[in-house]
Amino acid sequence: MTTPIIWSIAGTDSGGGAGLAADQRAADALGVHCCTVVAGVTAQSTTEVTHIEATPPAVLQAQLDTLARDMPPKVIKTGLLGSADNVRVLVAFIDRLRAQQPLALVVDPVLRASTGAALADAELRAAYRDLLLPRATAITPNQAEAVALLGDGAPGDIPAQARALRALGCEAVVITGGDAALLQRHEQLSLDWLDTPQGCGWLALPREATPHNHGTGCTFASAMASALALGWVTADAAVLAKMTATHALRHARAVGRGVGPVIAREGFVNDPSLLPQLSLDEALPHAWAQRPRGRAPGVYAIVDCAERVEAVLSVQPTVDTIQLRIKRPTGMDDTTWETTLREAVTRCQRAADAAGALLVVNDHWRIAIDAGASALHLGQEDLLALSAQDRTKLQAAREDGVQLGVSSHSLWELCRASALAPDYIACGPIWPTTTKDMPWHPQGLDNLAWWAHMAPAPVVGIGGILEPAQLQAVAETGATGGCVVRGLGDDPGLTLPAWRAAWEQGKRRHPDDRAVTHGPHPSLPGPSGWT
């Protein structure tokens, strides 16, 4: 596989902290090749910026033309651009490149240095807004930069600012939380507002206690550009960028008398403490969501009726977990459907209690709670459809002991699931599946192993598990559950012994559910895609 190439078109920092120096470190941390195009030169240290000189447009053009003939980029990231003339050179070049091949553009609108020095005049800010933003795949301003780009009449709240920026033509916006306006919003959490075609919400991690944060914004934007070059969609790329920047903050160091630089490096992607949480809505998270780890889901059957639940649970030894995924018959009225579903849940819960298995009811959570179900499973769309009143009822049920499982198919969905502190998180599809339409690429065993290592809850592998050998492979990744649907066949009594044996064999190779730290997980997961 050829190493992806990104270009960083930005300024030099003579102190080695921000700009192209930080961009290079971030690209190296994600394993992409970064070509450094100098758009401006600064004379700065950790305490001051004494001079800023824009690269002459002809010199910028020469760098772009020379690189394009030999090392065309998958992604361009911009930082300090120095002048409106340089922006005009760049956008003409981007349009020409895009006529030949796909090209993503990440814009870090560097308008002011962390020392307070202004890096952009009114003409340059207008060029950002009118020329660069309509071409941007993603922009990564802090809140002060977002307000400066929007100008007079900018909305007061951050989610509205992001929507206004997207209305200017940006495909995705991440308003990062490094400036004072967001620092004051939460003492414990570092918060970035994510607004992308895939999902929106507050991206949160515990705040790092360090005075040295020079180059954090550059690191975030360059990491996001690198992740896009590796094939991630924008929401997932933002997650990896936050992980990279937070890890870089942990390795920040003092190198002068002022604010020292952050240092991006490898290793961030295998540290579970760096997995962010993503809120469901615009409400600020109150605290870092944590919940004791639930029971291991084990062999997890999914069936479509009460009779099928009873048939599976009559086999001994039976499954550890069984999900009732029942669909409303066409034409059935509301009253009859509610009565039918309530009776089915009650009947299935009785059978599960007798067999010592966990019954999970999919989707129909209100009726399931009222019928005494012990566990629920919700997909991401179901979660987003919850009203404030729904969430209050769901939270009350959880406090009464009702367990919750949540689906996830991508990195940002894993972060959203984590924010709910569920009892387990489903990861899928592991292999191609025909049971439902999936807009995601199959995760494969490597991604499942990474999920199992990184997730704050037990992980269940689901999708395309048709043979016992596949279930064994799922167990070997460190996942604590594996779903069997069609593989149960017409007579579970004939098929279930082989499924149980496969699971036990796989778990013997991973007796500790968290021992995958030393297992086969890759250094970086593969993109989940969005087909």
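Residues numbered from 1 in each chain as written. Predicted model: local features only at pLDDT ≥ 70, side-chain atom pairs only at ≥ 80, totals over all residues. Heavy atoms only, no water.

Section: the environment of Ala355
Argument step 1. Position of Ala355 relative to the elements: it lies in helix α11 (residues 334-355).
Argument step 2. Take Ala355: its relative accessible area is 24%, and that puts it in the partly exposed class.
Argument step 3. Note: C-alpha distance between Ala355 and Gly11 (344 residues apart in sequence) is 66 Å.
Argument step 4. Excluding residues that lie within four positions of it along the chain, Ala355 makes contacts with Leu313, Gln316 and Thr318. (Helix = DSSP H or I, 4+ residues; strand = E, 2+ residues; numbered from the N terminus. Buried < 20%, exposed > 50% of the residue type's maximum accessible area, 1.4 Å probe, protein only. Contact = heavy atoms within 4.5 Å.)

A few points about the packing of aromatic side chains
Argument step 1. Summed over all chains, the structure comprises four aromatic pairs.
Argument step 2. On the basis of an interplanar angle of 70 degrees and a centroid distance of 5.1 Å, the ring pair of Trp193 and Trp202 is categorised as edge-to-face. Here the two residues Trp193 and Trp202 agree in accessibility, since each one is buried. (Phe/Tyr/Trp six-rings, centres within 6.5 Å; stacked < 30°, edge-to-face > 60°.)

Examining the packing of helix α9 (residues 234-250) against helix α15 (residues 411-419)
Argument step 1. In contact at an axis separation of 7 Å, α9 and α15 are set at 65 degrees when each is read in the N-to-C sense. It follows from the interaxial angle that α9 and α15 lie roughly perpendicular. Of the residues in α15, those touching α9 at Ala235, Asp236, Val239 and Leu240 are Leu411, Trp412 and Cys415.
Argument step 2. Grouping the amino acids of the contact of α9 with α15 by side-chain chemistry returns six nonpolar, no polar and one charged. (Axes fitted to C-alpha atoms, helices over the stretch in contact; angles between N-to-C directions. Parallel < 35°, antiparallel > 145°, perpendicular 65-115°, else oblique. Nonpolar A, V, L, I, M, F, W, Y, C, P; charged D, E, K, R; others polar.)

Description of the nonpolar core
Argument step 1. Ranked by internal contacts, the top residues of the largest apolar core, which has 106 residues, are Ile322 and Trp450.
Argument step 2. When residues of this core are assigned to their parent elements, the largest contribution, 10 residues, is made by α9.
Argument step 3. Counting 45 residues, the second-largest nonpolar core is a separate cluster that includes Ala120, Ala127, Leu133 and Trp193. (Core = buried A, V, L, I, M, F, W, Y, C linked by side-chain atoms within 4.5 Å.)

Quick look at the sheet that holds strand β16 (residues 424-427)
Argument step 1. As summarised here, the arrangement of the eight strands in space is β11-β12-β13-β14-β15-β16-β17-β18, forming a closed barrel in which the pairing is parallel. Each adjacent strand pair in this sheet contributes to an overall mean axis angle of 25 degrees, direction not counted.
Argument step 2. Together, β11 (298-303) and β18 (481-484) form the strand contacts of helix α18 (residues 492-509), whose direction differs from that of β11 by roughly 145 degrees. (Pairing = 2+ DSSP bridges.)

Points about the pairing of strand β8 (residues 189-195)
One face of the sheet, then the other: side chains in a regular strand alternate in exactly this way.
Argument step 1. Burial analysis of β8 places seven of its seven residues in the buried class, the great majority of the element.
Argument step 2. Neither face of β8 is open: one carries Leu189, Leu191, Trp193 and Asp195, the other Ser190, Asp192 and Leu194, and all of them are buried.
Argument step 3. With three bridges connecting them, strand β7 (residues 173-175) and β8 associate as antiparallel partners. Residue Ile175 lies in a different strand from β8, and its bridge partner there is Trp193.

Focus: the pairing of strand β3 (residues 49-54)
Argument step 1. Two strands pair when backbone bridges link them, and strand β2 (residues 33-44) and β3 are joined in this way by five bridges, in the antiparallel orientation. Opposite Ala43, over in β3, you have His51 as the bridge partner.
Argument step 2. The antiparallel pairing of β2 with β3 creates a hairpin that spans four residues between the two strands.

Some remarks on the side chain of His214
Argument step 1. Mapped onto the fold, His214 is located in the loop between β9 (200-206) and α8 (216-229).
Argument step 2. Residue His214 is classed as buried on the basis of its relative accessible area of 8%.
Argument step 3. Within the structure, the side chain of His214 is placed 2.9 Å from the side chain of Asp13, a separation counted as a polar contact. (Polar contact = N/O pair within 3.5 Å; in protein donor to acceptor, adjacent residues only side chain to side chain.)

Thoughts on the side chain of Thr318
Argument step 1. If you trace the backbone, Thr318 turns up in the loop between α10 (306-313) and β12 (321-324).
Argument step 2. Here Thr318 falls in the buried class, since its relative accessible area comes to 7%.
Argument step 3. Within the structure, the side chain of Thr318 is placed 2.8 Å from the backbone oxygen of Val312, a separation counted as a polar contact.
Argument step 4. In contact with Thr318, other than residues within four places in its own chain, are Val312, Leu313, Ala355, Leu496 and Arg500.

Quick notes on the confidence of the model for the chain
Argument step 1. For the chain, the average pLDDT comes to 92, and 93% of its residues sit at 70 or higher.
Argument step 2. Segment residues 513-521: pLDDT under 50, and 24 contacts once partners within four positions in sequence are set aside and those in other chains are kept. (pLDDT = per-residue confidence, 0-100.)

Points about unusual backbone geometry
Argument step 1. Cis rather than trans, the peptide bond between Gln316 and Pro317 has omega equal to -5 degrees.
Argument step 2. Examined against the element boundaries, Pro317 turns out to sit in the loop between α10 and β12.
Argument step 3. Each neighbour pair has its own omega, and for Gly428 with Pro429 the value is -5 degrees, a cis peptide bond.
Argument step 4. Structurally, the position occupied by Pro429 is in the loop between β16 and α16 (444-454).
Argument step 5. Of note, the phi angle at Asp363 is positive, near 75 degrees, even though the residue is not glycine.

Structural notes on the packing of helix α17 (residues 468-476) against α18
Argument step 1. Where α17 meets α18, the axes come as close as 7 Å, and the angle between the chain directions of the two elements is 30 degrees. With respect to their mutual orientation, α17 and α18 come out roughly parallel. Once α17 is placed against α18, the crossing between them reads as right-handed. On the side of α17, the interface is formed by Pro468, Leu471, Gln472, Val474, Ala475 and Glu476, while α18 contributes Ala498, Trp499, Ala502, Trp503, Gln505, Gly506, Lys507 and Arg509.
Argument step 2. Across the contact of α17 with α18, the residue classes break down as eight nonpolar, three polar and three charged. (Left-handed = near helix turned anticlockwise from the far one by under 90°.)

Brief notes about α11
Argument step 1. End to end, α11 covers 31 Å across 22 residues, agreeing with the expected 32 Å (1.5 Å per residue, within 8%).
Argument step 2. Every buried residue of α11 is listed here: Trp337, Leu341, Ala344, Val345, Cys348, Gln349, Ala351 and Ala352. Taken down its axis, α11 places every buried residue within 165 degrees of arc, on the same side. Facing away from the buried surface of α11 by more than 90 degrees, the exposed residues are Thr335, Glu343, Arg350, Asp353 and Ala354.
Argument step 3. Looking at the buried side of α11, the elements it contacts are α10, β12, β13 (358-362) and α12 (365-370).
Argument step 4. Two residues or fewer after α11 comes Gly356, characterised by a positive phi angle close to 75 degrees. (Expected span 1.5 Å × (residues − 1). Arc of directions from axis to C-beta.)

So, the pattern of salt bridges
Argument step 1. Evaluated as defined, the whole model comprises 22 salt bridges.
Argument step 2. Among the salt bridges present, the one from Asp23 reaches Lys77, with a minimum N-O distance of 3.0 Å. Pair noted here: Asp23 is in helix α1 (residues 19-30) and Lys77 is in strand β4 (residues 75-78), with a separation of 54 residues, a long-range link. Both residues of the pair, Asp23 and Lys77, belong to the buried class.
Argument step 3. A salt bridge links Arg347 to Glu310; the shortest N-O distance between them is 2.8 Å. Of the two residues, Arg347 is situated in helix α11 and Glu310 in helix α10; the sequence distance between them amounts to 37 residues.
Argument step 4. Taking the relative accessible area as the measure of exposure, Arg347 reaches 29% and is therefore partly exposed.
Argument step 5. Linked by salt bridges that have partners in common, Asp85, Arg88 and Glu123 make up one network. (Salt bridge = Lys/Arg side-chain N within 4 Å of Asp/Glu carboxyl O.)

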